[in-house]
Amino acid sequence: MNRVERISCLLSSLQERILVIDGAMGTMIQRRQLSEADFRGTRFSSHGHDLRGDNDVLVLTRPDVIAGIHRAYLDAGADIIETNTFNSTSIAQSDYQLESVVYELNLEGAKLARAVADEVTARDPSRPRLVAGAIGPTNKTLSMSPRVNDPGYRAVSFDEMQAAYEEQVRGLLDGGCDILLAETVFDTLNLKACLRAMEKVFAEKGERVPIMISGTITDKSGRIMSGQTVDAFYVSVAHARPLAVG
C-alpha cells in the first residue's frame, strides 16, 4: 500500500470510528534507563558532546529500542504512531552539536516507524497502521525575548525557524510519513514558520499529506504560552486546513 492509499484509508476510517494515536515516547525511553554509551553507539563514540538525553539520536544508535516502543503502542491498539523526531531540527540538535545529521534523524526515524507500522499492518491488512511525523516546537521562541532587559531581542529569526522546519519535513516525508504532526505548540509564531515550511515542501514535492496540530495550555488561564486562547489559536491555524487540532 502506498502513501496515497494509506491516506485514503485514514480519511475513510475517520468517517466510521475514532482513531487512536500512541502515547508519550520520552517516558517510555526513560523506563529503559539507557546509558551514555547507548546514546552514542559506535557511530558517535568519540563525539565531543554528551548525548544522553537526546532521545532522537536513538533512531540511529538504538533503533531496536525505538522500534520496540512503536510496536508496543501498535500492539496496544494504536492506529497511528509518531516518529521519534520531536527534537529533530537543527535548532534543537544544536544543544548536542548534531546539526549535521538532522535530515538523517528524520529520514531514519520515519523509516523505522514505517517499517514497524507495515509489519503490524501485514498481520491485519483491513486495518492499516499509519505514521505521523512528530515535529516539536524547538527550544526557542519567536514571540518573546529570552532577555528580560531586551524585549526586542530574538534568539532566532522567522526565516531561520522556517528553514529548520523545512529540513525536518523533507526527511519525514522522504522516510514515508502519512501525516505531519506539529505538536506541543507553545508559540503560535513558531507554528506559523512550521506551517509555511510544510507548504513549501509540499509544493516542491508536488504532493501533500494531512496535517495535525496540538497546542499546549500552560496554566489555568486556558492560554498557550504566547498568550492565545484556544479559540484564537484555532483561528490562527485554520488556514492550514488541519485534519485535527488538539
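For the structure itself, look to the data block above.
All of these numbers come straight from a predicted model, not from anything done at the bench.

Definitions and limits used
- Every residue gets a number counted from 1 within its own chain, in the order that chain's sequence is written.
- Only residues with pLDDT of at least 70 are given local features in this predicted model, and only at 80 or more are side-chain atom pairs given and counted; all residues enter the totals for whole chains, interfaces and linings.
- Excluded from the side-chain calculations are hydrogens and water; all other atoms, namely the structure's heavy atoms, are used.
- By definition, a salt bridge exists where a carboxyl oxygen of Asp or Glu is found within 4 Å of a side-chain nitrogen of Lys or Arg.
- Note on conventions: DSSP H or I runs of at least 4 residues are helices, E runs of at least 2 residues are strands, and numbering of each starts at the N terminus.
- For every residue, the accessible area (1.4 Å probe, protein chains only) is compared with the maximum for its type, and the residue is labelled buried under 20%, exposed over 50%, or partly exposed between those bounds.
- DSSP bridges decide pairing: two strands pair if at least two such bridges lie between them.

Chemist: Where do I start with the pattern of salt bridges in this structure?
Modeler: Two side chains that carry opposite charge are able to pair once their charged atoms sit near each other. Tallied over the entire structure, the rule returns 20 salt bridges. Linking Asp 178 and Arg 6 is a salt bridge whose minimum nitrogen-to-oxygen distance equals 2.5 Å. Linking Asp 178 in the loop between helix H8 (158–174) and strand S3 (179–185) with Arg 6 in helix H1 (residues 3–14), this pair joins segments that are 172 residues apart in sequence. Judged by its relative accessible area of 0%, Asp 178 falls in the buried class. Measuring nitrogen to oxygen at the nearest pair gives 2.9 Å for the salt bridge that ties Glu 119 to Arg 71. Here Glu 119 is found in helix H7 (residues 102–123), whereas its partner Arg 71 is found in helix H5 (residues 63–75), with 48 residues between them in sequence. Connected via shared salt-bridge partners are Arg 6, Arg 114, Asp 118 and Asp 178.

Chemist: Where do I start with the sheet that holds strand S4 (residues 211–215) in this structure?
Modeler: In a beta sheet, neighbouring strands pair by backbone hydrogen bonds and run either parallel or antiparallel. Judged by pairing direction, the sheet is parallel, and its five strands sit side by side in the order S1-S2-S3-S4-S5 without closing on themselves. The open sheet has two edge strands with one neighbour each: strand S1 (80–82) and strand S5 (244–245). Judged from the four bridges that link them, strand S2 (residues 130–135) and S3 form a sheet pairing that is parallel. The partner of Ala 132 across the bridge, within S3, is Ile 179.

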